[in-house]
Amino acid sequence: MREPRIRLAELIASLSFAADLGMGYPMEQMLRASLVATRLAQHLRLPNEVVSDAYYIALLRHVGCTFGSWFLNVFAGGDDIAFRRRAAVVDHLDHADVGALFAYVGTLPGAKPDPTALPDLGEIWVGECEMGMSLAARLGLGSGVQRGMQLLWERWDGKGPRGNSGDDLPVSLRVARVALFAVESSALVGVDATLAALKRRAGGWFDPGIADTFVREADTLLGELPAATWDAVQDAEPQPWLWLLEQDVDRAARAIADMADLRAPFLHGHSAGVGALAERAARHLGLSDGELARIRRAANMHDIGRHGVPTGVWEKPDRLSDSEWEHVRLHPYYTERILARSPAFAALGALAGMHHERCDGSGYYRRATAGTLPMGARVIAAADAFQAMTEERPHRPARTPTDAAHELAKDMRAGHLDPDAGAAVCEAGGEVAPLIRRDWPAGLSDREVEVLRLVARGRSKREVADALTVSVNTVDTHVRHVYEKIGVSTRAGAAIFAMEHDLLRT
Ligand SMILES: [Fe+2]
Ligand SMILES: [Fe+2]
């Protein structure tokens, strides 16, 4: 019997919806960018594997973009999504462009459009690239796509963060960048202004030959995109199609978990924690292996919808306003919709989308009641509540597992949580023993792992120094060694490594 397999394009296209939400774009914008990149690459008669790389790079373009959110919190007044919608098409070497962006930021409530409040863009860009590259690798994409993701912010003239230029940049990336700009910019300022900007930026940001071709052929390349975009994107993937094997679905779900948690440093490791806890609880309940797998996968992906809610809402230490609550209530809906279009992931998305529902109808977003909540949903809801309570949040410190169990018991007595599911989660939570390891990955020492954990949770070097009672210089040295050993150069890279290797869940 042949092993069941899933189109990788389905999964990546679904993740592009999360990226659309995080960028403040209409759904399917990245699908359209992928179609245009594919058309452009085919028009240039590039080899099939290059067309395929351009197709995937365009789809994945913004999956790493949430990494910079917490840096942008002050600058953009907490609305990183509004900021991103404009910033993605700004040429950072064009003063007029940058001035217009700052003027726009000045209209966002609570923003500080002051260059001194702007974080280190180089670190944000390289961080986004490291995140995108890592995600591409974990989802099973090849070295061409990974390399393209690594160099996303580089420019034809070599004035990007890493300084790669010209033909040094893969042609798939150069094609994808022009197509992405065309789609993203024309949605903001129209086609004519976009083509004028492409001409201006040819030879600077963009490959001049490819930009010229695009401008000449814009009617064909940008015009008449099919209304059934999802189907068109699935059909447009160049042969040979890429597949996800059944045995690789868990690896993909874990990568999606980590992508979801990059929304804020205090979330790092949350989704994978819910996945592990829900699975153990489901086992205590004696559920079948198939059900266990569904619960584990849905639990890992449950918070991917967080991308649609501005970072200022997640990071807020005070009481949320009614309108901020409305935002929060949407995130499980977004989770469901992000996964709904893929036949292979739709049922998991529906299960994941119930993680804030409560048996008595007091949850969100549907206010579903017990009769419509399968046991898997009840287990994930209890595991999510338990796991979140044991983690630090901006408005409260982390609780002990014992306190979390008491709180869960109250929710069970009040009828919010299913008593069997809640009890199984408490039992499973009691099994969470400190991880005792002799060998850390990449040859890290105990001290370096401590440093890595703090850095991955967004602490500044001064805060790490205070926590470990050492000097900032010592922390500097540790951080340099850690980065060298794990092969990254930004906090984003460090956070991803820490999550991927389960270093945050102890
Ligand atoms: Fe959630
Ligand atoms: Fe959650």
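Conventions and cut-offs
Residues numbered from 1 in each chain as written. Chains lettered and ligands numbered in written order. Predicted model: local features only at pLDDT ≥ 70, side-chain atom pairs only at ≥ 80, totals over all residues. Heavy atoms only, no water. Helix = DSSP H or I, 4+ residues; strand = E, 2+ residues; numbered from the N terminus. Rg over C-alpha atoms; globule rule 2.2 N^0.38 Å. Buried < 20%, exposed > 50% of the residue type's maximum accessible area, 1.4 Å probe, protein only. Areas by Shrake-Rupley, 256 points an atom, 1.4 Å probe, with all protein chains shown as cover. Lys, Arg positive; Asp, Glu negative; His and termini not counted. Charge placed at Lys NZ, Arg CZ, Asp CG, Glu CD. Donors = N, O, S within 2.8 Å, 3.2 Å for Na, K, Ca; no water. Tetrahedral: all angles 85-135°; square planar, octahedral: opposite > 155°, others 65-115°. Axes fitted to C-alpha atoms, helices over the stretch in contact; angles between N-to-C directions. Parallel < 35°, antiparallel > 145°, perpendicular 65-115°, else oblique. Left-handed = near helix turned anticlockwise from the far one by under 90°. Contact = heavy atoms within 4.5 Å. Nonpolar A, V, L, I, M, F, W, Y, C, P; charged D, E, K, R; others polar. Expected span 1.5 Å × (residues − 1). pLDDT = per-residue confidence, 0-100. Salt bridge = Lys/Arg side-chain N within 4 Å of Asp/Glu carboxyl O. Core = buried A, V, L, I, M, F, W, Y, C linked by side-chain atoms within 4.5 Å.

Peer 1: Help me out: how do you make sense of the overall build of the protein in this one?
Peer 2: In terms of helices and strands, the protein carries 26 helices and two strands. Its C-alpha atoms give the protein a radius of gyration of 23 Å, within 12% of the compact-globule value 23 Å for 506 residues. Looking at the protein residue by residue over its 506 residues, the buried ones come to 57%. Accessible surface, the protein as shown: approximately 20100 Å² in total, 52% of it carbon and sulfur. In the protein, which carries 57 positive and 67 negative side-chain charges, the distance between the mean positions of the two groups comes to 1 Å.

Peer 1: Looking at this structure, how should I read the coordination of the iron ion (ligand 2)?
Peer 2: By definition of the ideal shapes, a tetrahedral metal site with four donors has angles of 109.5 degrees and an octahedral site with six donors has angles of 90 or 180 degrees. Around the iron ion (ligand 2), the protein supplies His-270 (NE2), His-302 (NE2), Asp-303 (OD) and Asp-384 (OD) as donor atoms, at distances of 2.2 to 2.3 Å. For the iron ion (ligand 2), the donor residues sit on a single chain with the sequence spacing H-x31-H-D-x80-D. Taken as a pair, the iron ion (ligand 2) and the iron ion (ligand 1) show a spacing of 3.6 Å, with Asp-303 coordinating each metal. Here the residue His-302 occupies a position in the loop between α16 (289-301) and α17 (311-315), and Asp-384 occupies one in helix α20 (residues 375-389), the gap between them amounting to 82 residues. Asp-384 sits in the buried class, given a relative accessible area of 5%.

Peer 1: Looking at this structure, I do not really get the coordination of the iron ion (ligand 1). What am I missing?
Peer 2: Here the iron ion (ligand 1) is held by the protein donor atoms Asp-303 (OD), His-331 (NE2), His-355 (NE2) and His-356 (NE2), which lie 2.2 to 2.3 Å from it. Each of the four donor atoms around the iron ion (ligand 1) contributes to a set of angles spanning 84 to 169°, which defines the coordination as irregular. Spacing between the donor residues of the iron ion (ligand 1) along the chain follows D-x27-H-x23-H-H.

Peer 1: So what exactly am I meant to see when it comes to the packing of helix α9 (residues 171-189) against helix α10 (residues 191-201) here?
Peer 2: Helices that pack against each other are described as a pair by the angle of their axes relative to one another and the distance between those axes. Where α9 contacts α10, the axes come no closer than 8 Å and their chain directions differ by 140°. Relative to α10, α9 is oriented oblique. As α9 runs across α10, the sense of the crossing is right-handed. In this structure, α9 contributes Val-178, Phe-181, Ala-182, Ser-185, Ser-186 and Val-189 to the contact, and α10 contributes Val-191, Ala-193, Thr-194, Ala-197, Leu-198 and Arg-201. When its residues are assigned to classes, the contact of α9 with α10 shows eight nonpolar, three polar and one charged.

Peer 1: I would appreciate a short explanation of helix α3 (residues 48-60) in the present structure.
Peer 2: An α-helical turn contains 3.6 residues, so any two residues separated by three or four positions project in the same direction. Along its 13 residues, α3 runs 18 Å from first to last C-alpha, staying within 8% of the 18 Å computed at 1.5 Å per residue. The buried fraction of α3 amounts to 11 of the 13 residues, a majority that puts the element mostly inside the structure. Residues Val-50, Val-51, Ser-52, Asp-53, Ala-54, Tyr-55, Tyr-56, Ile-57, Ala-58, Leu-59 and Leu-60 constitute the buried set of α3.

Peer 1: What is the right way to look at the confidence of the model for the protein in this model?
Peer 2: Any segment with low pLDDT has predicted coordinates that should not be analysed in fine detail. Summarising the model, the protein shows a mean pLDDT of 91, and 96% of its residues fall at 70 or more. Overall, residues 432-436 carries pLDDT values under 50, and its contacts beyond four positions in sequence, including any with other chains, amount to five contacts.

Peer 1: Hey, could you run me through the pattern of salt bridges in this one?
Peer 2: Any two side chains of opposite charge can pair, given that their charged atoms come close. Overall, the coordinates contain 33 salt bridges when judged by the stated rule. When the shortest N-O distance is used, the salt bridge between Asp-97 and Arg-201 registers 2.4 Å. Of this pair, Asp-97 sits in helix α6 (residues 95-105) while Arg-201 sits in helix α10; the two residues are 104 residues apart in sequence, bridging distant segments of the chain. For Asp-97, a relative accessible area of 18% translates into the label buried. Measuring nitrogen to oxygen at the nearest pair gives 2.8 Å for the salt bridge that ties Arg-378 to Asp-418. On the criterion of sequence distance, the pair formed by Arg-378 in helix α20 and Asp-418 in the loop between α21 (401-413) and α22 (419-430) is long-range, its members being 40 residues apart. It is possible to trace a salt-bridge network through shared partners that takes in Glu-246, Asp-250, Glu-279, Arg-283, Arg-296 and Arg-297.

Peer 1: How should I be thinking about the environment of Leu-135 in this particular structure?
Peer 2: Position of Leu-135 relative to the elements: it lies in helix α7 (residues 121-138). Separated by 75 residues in the primary sequence, Leu-135 and Leu-60 place their C-alpha atoms 9.1 Å from one another. The residues contacting Leu-135, other than those within four sequence positions of it, are Val-63, Ala-255 and Met-259.

Peer 1: Explanation requested: the nonpolar core in the structure shown.
Peer 2: Note that soluble globular proteins tend to have their nonpolar side chains buried in a common cluster. Formed by 125 residues in total, the largest nonpolar core has its most connected members in Tyr-56, Leu-198, Phe-214, Phe-345 and Leu-408. At 11 residues, helix α1 (residues 8-23) tops the list of elements feeding residues into this core. The contacts of Leu-198, once residues within four sequence positions are left out, are Val-178, Phe-181, Phe-206, Ala-211, Phe-214 and Val-215. Judged by nonpolar contacts, the second largest core, of 26 residues, contains Val-451, Val-475, Ile-486 and Phe-497.

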